[in-house]
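Residues per chain, in single letters:
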Amino acid sequence: MSEIPTQLFINGEFRSSTQGKPAGLINPATEEIIAEIAGASAEDVAAAIESAHEAYRRGWRDLTPGKRTDVLFNIARLLRENMERIAQLESQSIGKPISDARDEAALGARVFEYYAGAITKFTGQTIPVARGGFDFTLRQPMGVVAAIVPWNFPFPIACWKVAPALAAGNSVVLKPASLSPLTALLLGQIARQAGLPPGVLQVLPGSGQETGDVLVTHPLIRKVSFTGSTSVGSRIMELASRGLKRVSLELGGKSPNIVFADADVDRAAMESPMSVFANTGQDCCARSRVFVERRVFDRFVDSFTAATRQLRVGNPVQDATQLGPLVSAGQRRVVEDFISEARKGGRRIAAGGDRPFPRGYYLNPAVVLEVEPSDRVWREEVFGPVVCIRPFDDEAKMIEEVNDSPYGLSGSLWTNDLRRALRVARQVESGVLSINSNSSVHVEAPFGGFKQSGLGRDLGMAAMEGYTELKNVYVGE
Ligand code: NAD
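Bear in mind that the values here come from a model prediction, so they are computed numbers and not experimental data.

Conventions and cut-offs
Residues take numbers from 1 onward in each chain, read along the sequence in its written order. pLDDT decides what is reported in this predicted model: residues at 70 or higher carry local features, side-chain atom pairs at 80 or more are listed and counted, and totals for whole chains, interfaces and linings draw on all residues regardless. Side-chain figures throughout are based on the complete set of non-hydrogen atoms in the structure, without hydrogens or water. Every patch collects residues that have over 30% relative accessible area and no salt bridge, joining them within 9 Å if they carry like charges and within 5 Å if they are nonpolar side chains (Val, Leu, Ile, Met, Phe, Trp, Tyr). Under the convention used here, a 1.4 Å probe and the Shrake-Rupley method define accessible areas, while residue burial counts only the protein chains that appear. By definition, a salt bridge exists where a carboxyl oxygen of Asp or Glu is found within 4 Å of a side-chain nitrogen of Lys or Arg. Each helix corresponds to a stretch of at least 4 residues labelled H or I by DSSP, and each strand to a stretch of at least 2 residues labelled E; elements are numbered beginning at the N terminus. Burial status follows relative accessibility: with a 1.4 Å probe on protein chains alone, a residue under 20% of its type maximum counts as buried, one over 50% as exposed, and anything between as partly exposed. Strands are labelled as partners when DSSP assigns at least two bridges between them. Looking down the strands as they point away from the viewer, one classifies a crossover as right-handed if the path from the first strand across the helix to the second runs clockwise. Where helices are involved, their axes are fitted lines through C-alpha atoms of the stretch in contact, as for all axes, and angles between N-to-C directions lie from 0 to 180°. Should an angle fall under 35 degrees it is called roughly parallel, over 145 degrees roughly antiparallel, and 65 to 115 degrees roughly perpendicular, with every other angle called oblique. If you view the pair so one helix is near and one far, a crossing is left-handed when the near helix is turned anticlockwise from the far one by less than a right angle, and right-handed when it is turned clockwise. Every residue pair with non-hydrogen atoms within 4.5 Å of one another is taken to be in contact. Each residue is assigned to one of three groups, with Ala, Val, Leu, Ile, Met, Phe, Trp, Tyr, Cys and Pro labelled nonpolar, Asp, Glu, Lys and Arg labelled charged, and all others, Gly among them, labelled polar. Think of it this way: a Phe, Tyr or Trp ring, Trp meaning its six-membered ring, pairs with another when their centres are within 6.5 Å, and the plane angle makes it stacked under 30 degrees, edge-to-face over 60, tilted otherwise. Here, nonpolar core means buried Ala, Val, Leu, Ile, Met, Phe, Trp, Tyr and Cys residues that are tied together by side-chain atoms lying within 4.5 Å of each other. Note that the domain bounds were set by an automatic or database domain assignment. Near residues are defined by distance, with any heavy atom within 4 Å of the molecule or strand qualifying the residue. Contacts described as polar in this section are N or O atom pairs within 3.5 Å, which, within protein, must combine one atom able to donate a hydrogen with one able to accept it, while residues neighboring in sequence count only if both atoms come from side chains.

J.: Lay out a nonpolar patch on the surface in plain terms, naming residues and giving numbers.
T.: Where nonpolar side chains cluster on the molecular surface, the patch consists of Leu418, Leu422 and Ile435 and spans about 290 Å² of accessible area. Considering the arrangement of structural elements, one finds Leu422 in helix α14 (residues 418–427). Here Leu422 falls in the partly exposed class, since its relative accessible area comes to 45%.

Shown next as C-alpha cells:
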C-alpha cells in the first residue's frame, strides 16, 4: 500500500499538512485502516488558493485553446493508463464493487476527452444590436474555482467539475470528502504528469468544517462548485453569498420510478432494483420511491422483490459483486434506523434490511411496502439500500404525489404510450428524467436538479458555461 497518495497536492507536488493530525481511512469491507491522511489546515488552504491564483494569472487562462486541448487529452490518456489503480483505490476506500469502480474510472477519462474537444467548440455570439456597429460576446474564465465533492462517486464527480473548469481556463482547488481523498490526490498527480502547469489543480483533503469553510469564504475563490447533501449545500450558498461568489450545487434527491400498467412491466421490475440499490443505494439519483399502477402492482412487487433477492451482495474486490458495503458504520446505522422505524410503524419489509456478514458494513437491500406518504422513509433521502413501493390509481393524483417532495433530481417512467410518456415527463419536477430506462448521467448532457436538489448544471456544455463569465463587447462604427 506504500504507493497510496496521502499528502496534500499543492503546486504540483505532495506536501505534508501543516496541521499534522492524521485520521485513519477505513476500508468498509474489512473494517481495516488502509491509510492515514492529515487534512489541510486553514494555512494550507490559503497557500493553495494563492498559488492557484498565481498559476491562473501566470498563463493558464491565456494559453491558446489548442494547447489547453492537448493537456486535457493527455490527462485523459494517462487516466486510461492508470484506470486499474484508480479503480482499486476507489474500491478499497469506499467499498465500491470493482466492476463499477472500473466503469467510473473510464467515465472520468471520458469526461476529460469530452471537455478537451469542447474547448475549440465553445463559442460566443455576434448580436445585431439596434444602433448598428458590431456586438459580440466572450466567455471568459473566472479565476480560482473551489470544487467540493462527496464520497459516493468521488472520482467521476471530481472529473466532471475539474475538467470543464480547466477547459474554460480556470484553476481549481479540489476538496474531496474525508472518506474518499485517494483518487482525487491521484488525479492531481496524473494531471501534473500530463503537463498541467503546477498550481492549476490543487487537491486538499480535509473535513468539511475545517477545510471546506475556509475554502468557500476565501476572497480569491470566484466560484464554488459543490456536490453533496442539501443541508451542507444550503450552508455553502449562505457562506458564498457574503462575497457574492458564483455557486453551483448538486444536492440530495428522492427520485421517483413510475410504472404504468401498459409498460413492459416484467422488464421494469427486473431493471428497477439496480436503479435504487446500485452503489448500495448511496446515489443521489436512487429511484427510492416507486409508484406502480394498481392493476400490475402485485405482479411488479413480486418480480421486483425476487430480483432484489438475486442481487449479489459481497466483497467489492470480486468481479461478480453488485452491492458492496455501506461507506461507514455511521451510514449503516442511519439506514438501519429508517428500517426499524418503518418496521415499528407497521410497514411491511418484504425483503432485506438485515446484515448478511459479521464483518464489513454490509446490509441486504430492503423492500418496504404499505408505507404512507407522510412516512419519513418515503419522504427523506435514506442514502442506503432501501426502496418503498406504493400503488396508484389516477395519473394526475400520482403526479401530485411525485412532486410533493422538496427534491427534484432524477427519475424514471415506464410506459409504452408515447403521448402519456411525454405528458408525464413534462409534469415531473426533476432536472433529469428517463423514459423506459434507468440512466441519469450522460457526459454530453446537462445534469442537475430542480428545487432543493440543486442549482446549476454539471456535464455537457452547460457545465462549461457555468465556469465562465459572459462579457459583451460593442465595437462602434
Ligand atoms: P456532504 O454534504 O456531507 O459532503 C460533501 C462534501 O462537502 C464533502 O467534501 C464534505 O467534506 C464537504 N463539506 C461538508 N461540510 C462543509 C462545509 N461546511 N463547507 C464546505 N464543505 C463542506 O455529503 P456526502 O455525505 O459526502 O454525500 C452524500 C450527499 O451528496 C447526498 O445527499 C447525495 O444525494 C449528495 N449527492 C448529490 C449528487 C448530485 O449530483 N446531485 C451526487 C452525489 C451525491
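J.: Kindly report on the pairing of strand β11 (residues 246–250), identifying the contributing residues and their values.
T.: Residues in a regular strand project their side chains so that they alternate between the two faces of the sheet. Most of β11 sits out of view: four of its five residues are buried. Pairing geometry for strand β10 (residues 221–227) and β11, over five bridges, is parallel. Residue pairing in the sheet places Thr227 in a bridge with Glu250 of β11. In the classification by handedness, the crossover that spans β10, the intervening helix α8 (residues 230–242) and the parallel β11 is right-handed. Note: β11 against strand β19 (residues 454–455), two bridges, orientation antiparallel.

J.: Could you give an account of the sheet that holds strand β5 (residues 126–127), naming the residues involved and the relevant values?
T.: One open sheet holds the three strands; their spatial order is β5-β6-β20, and the pairing between them is antiparallel. Lying at the two open borders of the sheet, with one neighbouring strand each, are β5 and β20 (468–475). Pairing of strand β6 (residues 134–141) with β20 involves eight bridges; the strand directions are antiparallel. Following the sheet pairing, Phe134 is matched in β20 by Val475.

J.: Just give me the short version of the packing of helix α3 (residues 83–94) against helix α4 (residues 98–118), but keep the residues and values in it.
T.: Where α3 meets α4, the axes come as close as 8 Å, and the angle between the chain directions of the two elements is 130°. As judged from the angle between their axes, α3 and α4 are oblique. In terms of crossing hand, the pair formed by α3 and α4 is right-handed. Contacts between α3 and α4 pair Met83, Glu84, Ile86, Ala87, Gln88, Glu90 and Ser91 from the former with Ile98, Ala101, Arg102, Ala105 and Ala106 from the latter. Across the contact of α3 with α4, the residue classes break down as seven nonpolar, two polar and three charged.

J.: Go over the pattern of salt bridges with me, naming the residues and quoting the values.
T.: Taken as a whole and judged by the stated rule, the model has 28 salt bridges. Between Arg299 and Asp266 there is a salt bridge, with the nearest N and O atoms lying 3.4 Å from each other. Residue Arg299 is located in helix α10 (residues 297–310), and its partner Asp266 is located in helix α9 (residues 265–277); the two are separated by 33 residues in the primary sequence. Residue classification places Asp266 among the partly exposed positions, given a relative accessible area of 40%.

J.: Explain the sheet that holds strand β12 (residues 256–259) to me, using residue names and the numbers behind them.
T.: Here seven strands make up an open sheet; going across it, the order is β14-β15-β16-β13-β12-β17-β18 and the pairing mixed. Of all strands in the sheet, those with a lone pairing partner are β14 (348–351) and β18 (434–435), marking the two edges. As paired elements, strand β15 (residues 366–369) and strand β16 (residues 386–392) share four bridges and run parallel to each other. Opposite Leu369, over in β16, you have Ile389 as the bridge partner. On top of the sheet, α10 reaches β12, β13 (289–293), β14, β15 and β16; it is set at about 170° to β16, its chief contact. Those strands touched by helix α11 (residues 329–344) are β14, β15 and β16, and its axis lies near 120° from that of β14.

J.: Please set out the packing of aromatic side chains residue by residue, giving values where relevant.
T.: For the structure on display, the rule yields ten aromatic pairs. Judged by centre distance (6.1 Å) and plane angle (55°), the rings of Trp160 and Phe447 are tilted. Placement of the pair is Trp160 in helix α5 (residues 154–167) and Phe447 in the loop between β18 and β19, with a sequence separation of 287 residues. Per residue, the accessibility class of Trp160 equals that of Phe447, and both read buried. Look at Phe300 and Phe304: their rings are 5.6 Å apart centre to centre, the planes differ by 35°, and that puts the pair in the tilted class.

J.: Pulling in residues and values, what's your account of the nonpolar core?
T.: If you look at the biggest cluster of nonpolar residues, it comprises 65 residues, and the most contacted ones within it are Phe112, Tyr115, Leu174 and Leu187. Looking at which element gives the most residues to this core, the answer is α5, with ten residues. In this structure, this core is formed jointly by two domains, domain 1 (8–251 + 453–475) and domain 2 (256–442), each of which donates at least three residues. Other than its neighbours up to four places away in sequence, Leu174 contacts Ala147, Val149, Ala158, Val162, Ala184, Leu187, Leu201, Gln202, Val203 and Leu204. Val292, Phe300, Val301 and Leu311 belong to the second largest nonpolar core, which has 28 residues in total.

J.: Got a sec to walk through the site of the ligand? Specific residues and values, please.
T.: As a matter of local geometry, the ligand sits amid 27 residues, with Val149, Lys175, Ser229, Leu251 and Glu381 nearest to it. The separation between an oxygen atom of the ligand and a polar side-chain atom of Ser229 is 2.6 Å. Within the side chain of Arg235, an N or O atom sits 3.5 Å from a nitrogen atom of the ligand. Relative to its free-state accessible area of 840 Å², the ligand is covered by the protein chains to the extent of 90%. For the shell around the ligand, the elements supplying multiple residues, two or more each, are α7 (208–217), β10 and α8. Considering only residue class, the shell around the ligand consists of 15 nonpolar, seven polar and five charged. Both domain 1 (8–251 + 453–475) and domain 2 (256–442) contribute no fewer than three residues apiece to the shell around the ligand.

Remember, this is a structural readout, not a statement about activity or role.
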